Structure formats: structure tokens, C-alpha cells
Amino acid sequence: MTEYRSWFQCINEECGETYSLDQIVYRCTKCDNLLEVVHDIDRLKKRSPEEWRSLFDSRYRHRIWPYGSAVWGKKEWVCPYVEDENVVSMYEGATNLFWAERFGKQIGIEDLWIKMCGNSHTGSFKDLGMTVLVSVVKQMIADGRDIPAVACASTGDTSAALAAYCAAAGLESIVFLPKGKVSVAQLLQPISNGAIVLSLDTDFDGCMSMVQKICTEENIYLANSINSLRIEGQKTISIELCQQFNWEVPEWVIIPGGNLGNVSALGKGFKMMYELGLIDKLPRIVCAQAQNANPLYLSYQKNFEEYHPVKAQKTLASAIQIGDPVSINKAIKVLKEFDGIVEQASEQELSDAAAMVDRTGTFNCPHTGVALAVFLKLKERDFFKPSDKVIIISTAHGLKFIEFKIGYHNGSLENIAPKFPNMPIELPAELGAVKRAIFENLEKRANPV
Ligand SMILES: *Cc1c(COP(=O)(O)O)cnc(C)c1O
Ligand SMILES: [Zn+2]
């Protein structure tokens, strides 16, 4: 047994009801508020900041299973309850922190970084949280509980992660997808991993309310980020960021937001490091929303005094096409604590931003495009000092969104006039024609109009 303790606790401070991690509970049964995982901080404080830093550093990408995973390398802070033998891990985290040197030079912020959270087992940051959730399920089953299946509603990436982790652990998974609203790759992932794939004639919010009903009425475990176990894994993004900078804190972190679990997790990680003395300041957090699905942005415009769900309109950033985000209260709390900003990006802006930065060596998904577009907007408005360290969180691999990428370059995306198209040049296989095409194009690039 571990000496470290954690439990679920109601985020409403006046309530504060607690539940053990092996209870199947997603909302407070007293006041219906969200729950969060709380750790025994006094126990964690028995190790000094220096000891924690060197423990985490010594495990980073190390071969001793499961501690080489950058989530499980921070197990005491994440989920000490799970025994090592029940951890379901596929080597999460430790993703590249890409120095966006060329892009940064183009726009005058040289300390600019893109955290490539999509370079992971299923191609999105969702793996970070899913490893924790599925491990807890495996632990509960090992302890004798009957859980026939794990289910989620998804805009694509959550279901890919759930299906893969369940398949690895030998558990049944059920995924609820809004029909026609996820990419082909995202649909194929749970299909290939053997999930029960339900394609419902509704949007994400409709799938979300359906899966919540099923999981409340039946003995099926809910894997959406309302389940705060996922947040514990995702909060390692901020810990890992600081670790990769030798425990230095950036001035800004920009992250795309849909259901708003990830922005909540980001804040939670920074706060925990601050509380335990590993860092001595906090960054400012920017949440980037698609203009077509912007309930948090609208609330921010009213100083968070009001919040109204919206009907999400179609957006190329399909993983954040969410009108009624589950983690709204957590996200607002984090943004207030981190002097946060919420900005939005139009379809044209997100598409061009993704393509522009692709030209400097990355391959951006549309959600990362939203964050990049928001970064450009705030830069335009002089929010950043030239010396600021700015991190943009890239949430998924661009290869999951091929329809978006090809549609951009061949000009077939509705209402988008691409600024940076690049199409293949079709030619006969003749030496002269090939040479002409090469040198004409090199010439054009050397002297752009
Ligand atoms: C899930 C997801 C998001 C949004 O994260 P939330 O926690 O729902 O705000 C952003 N980008 C991608 C690629 C995602 O899969
Ligand atoms: Zn409560």
C-alpha cells in the first residue's frame, strides 16, 4: 500500500463532500457540482521541492515500468491509489517541446514553443488522462468490482484513446460519436481497436447527455472528462512543460478549449507545483475557442458574470465543436486564478494559422490552428513582451485531420480562401518539363510577389 492518499472532492467549497476513488460517482451527490481529485498535500510536502524535481527527472523516459511514462513518473501526484501491476500505460507524455524558431522569428517572439501533445499513442493529448482512468477501472476490477464496460461520448479523440487503452487492458469500450462529425481517422481508431461504436444522429452535446444517462442507469463506467480522474493525467502537461525548461515557468500558455477539461487540468498542474514549492510563479493562461463554438469566450466578454451554453455551429476544429462544456466551472475558476484571457478564431483564421506554421516544419491539426490564430491576434494587440516565453499547446497530430489539410490546399473547404495553398504539380515525365517546373517554382519562392 502506498503512503500517499487522494480522493474525490466536491469543487463547491461550501459543500466539500468527499468520496473515495473506487466509488463510481461523477458529480457531487449532495449538490450536483463537479468533483475533483484532491491529494494529501501535507503528506506530499514531506518531500522537498528539490527531492520531487530530482525524483521526476530521474524517472523521465526511464525504462522501469511504468515510471518511464511521464504520467506515471509522477504517480504520487497523479493517482497513487493504483497498484503498479494494474497500470495500463503506453508510455504517455514526454512529448517534444518544439522550439518554433522560424515561426517565432517571423513574428518577433523568439522564445516561442509548441508542446506537441499529439505525438502520442493515439495521436492526441487524450492519452494522458485515459491511462489514469482505465488504470483505475482495472484496479477496481482487480478488487472484485463488476464493471462490464467503459463508455464515452466523443468528438473523436477521446473515443480513440478509450478504445486503445481498453483494448490493451482487455476491457470492453462503448463510444458515442456524433454521426458525420468526426474525421475518418478518428472513426477508424475505435473501430480498429474493437470498441462498440455508436454513431448517433445528433451533435456532441447530444451524445454527452445520452452517455451520461446510460452510465447513470446502467452499470457502465463513464470515461468523459466530467470524470476527474482524466484531469489528473492531463495536468502532467504543465508539470512536464516546466520540467522540460529545467523547472522554469513560461510567461504564457495558450491552449485550445472545447469541453474545457484540458484548460482546467493545465491550471491544476501549475497550482500543485506552486503549492509544493517546485515553482515560484504562475504563467498567464489563454484559452482559445473556435468562434463557431464559443460559450466560454462569450462569458469572458461579460467578466464571467454570466454564462450561457450555445448551440455549437459547424467548425473545422471538430474536436472543440461543443456548446455546453462540462468543465465550465472549473475552467472559469482557473482562468480567474491565472489572470486568464479567452480569445476566439474564425474558420479562416484557424485554417491559415495552421497552414502558415506548417511551413515552418510542424503539421498542425485545426485545434492547434485555433491556438496559433489566437496567439497571432494577441501578438498583433501587443499582449506579449518580445522576451516572453510563450507556449502553444498542440493537442493532436495533424495526420488525424487529413480531410481538413487536403481541403485547405485544394481550395475545397467551404467559405475558406486559403492564403498558403500548395498543390502537387502534375507533369508529363519529361526531363525538360520537370526542370522547368523546378526552376520556375524555386524562382517564385525566392521572389514572392
Ligand atoms: C479534446 C480536444 C480538445 C479540447 O479539449 P477539452 O478538454 O475538451 O477542452 C482540443 N483539441 C483536441 C485535438 C482534442 O482532442
Ligand atoms: Zn457538493
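Residues numbered from 1 in each chain as written. Chains lettered and ligands numbered in written order. Predicted model: local features only at pLDDT ≥ 70, side-chain atom pairs only at ≥ 80, totals over all residues. Heavy atoms only, no water.

Undergrad: Which residues make up empty space enclosed by the protein, and what values do they have?
TA: Applying the stated rule across the entire model yields four cavities of 30 Å³ or more. Of the volumes computed, that of the largest cavity is approximately 280 Å³. In terms of lining, the largest cavity is formed by 27 residues, of which the most central are Phe125, Lys126, Gly258, Asn259 and Ala319. Elements represented by at least two residues in the lining of the largest cavity include exactly α6 (157–169), α9 (229–234) and α11 (261–275). The element that contributes the greatest number of residues to the lining of the largest cavity is α11, accounting for three residues. The residue inventory of the lining of the largest cavity, partitioned by class, reads 10 nonpolar, 14 polar and three charged. If you add up the space inside the second largest cavity, you get close to 40 Å³. Thr155, Pro178, Lys181, Phe204, Ser318 and Gln321 are the residues that line the second largest cavity. (1 Å grid on protein atoms, 1.4 Å probe; cavity = no way out; pocket = protein on both sides within 12 Å on 5 of 7 lines; lining within 4 Å. Points joined across faces, edges and corners; volume = space filled by probe spheres on them. Helix = DSSP H or I, 4+ residues; strand = E, 2+ residues; numbered from the N terminus. Nonpolar A, V, L, I, M, F, W, Y, C, P; charged D, E, K, R; others polar.)

Undergrad: Describe the nonpolar core, and please don't skip the residues or the numbers.
TA: The biggest cluster of nonpolar side chains holds 102 residues, and the ones touching the most others in it are Trp77, Tyr221 and Phe270. Broken down by element, this core gets its largest block of residues, eight residues, from helix α5 (residues 126–142). Excluding residues that lie within four positions of it along the chain, Trp77 makes contacts with His39, Leu44, Trp52, Phe56, Glu232, Lys235, Ile239, Met272, Met273, Leu276 and Leu278. Core analysis: the second largest hydrophobic core is formed by 39 residues, Leu112, Ala354, Phe401 and Phe404 among them. (Core = buried A, V, L, I, M, F, W, Y, C linked by side-chain atoms within 4.5 Å. Buried < 20%, exposed > 50% of the residue type's maximum accessible area, 1.4 Å probe, protein only. Contact = heavy atoms within 4.5 Å.)

Undergrad: Summarise the pattern of salt bridges; cite the residues concerned and give the values.
TA: Applying the stated criterion to the full structure yields 21 salt bridges. Residues Asp111 and Lys389 are paired through a salt bridge, measuring 3.3 Å at the closest nitrogen-oxygen approach. Remark: Lys389 occurs in the loop between α15 (366–380) and β13 (390–394) and Asp111 occurs in the loop between α4 (101–107) and β5 (112–116); sequence separation between them is 278 residues. Overall, the relative accessible area of 21% leaves Asp111 in the partly exposed class. Linking Asp358 and Lys405 is a salt bridge whose minimum nitrogen-to-oxygen distance equals 2.5 Å. Here Asp358 is found in helix α14 (residues 347–358), whereas its partner Lys405 is found in helix α16 (residues 402–409), with 47 residues between them in sequence. Note on Asp358: relative accessible area 16%, which makes it buried. By relative accessible area, which is 8% here, Lys405 ends up buried. The network of salt bridges with common partners includes Glu343, Glu349, Lys377 and Arg381. (Salt bridge = Lys/Arg side-chain N within 4 Å of Asp/Glu carboxyl O.)

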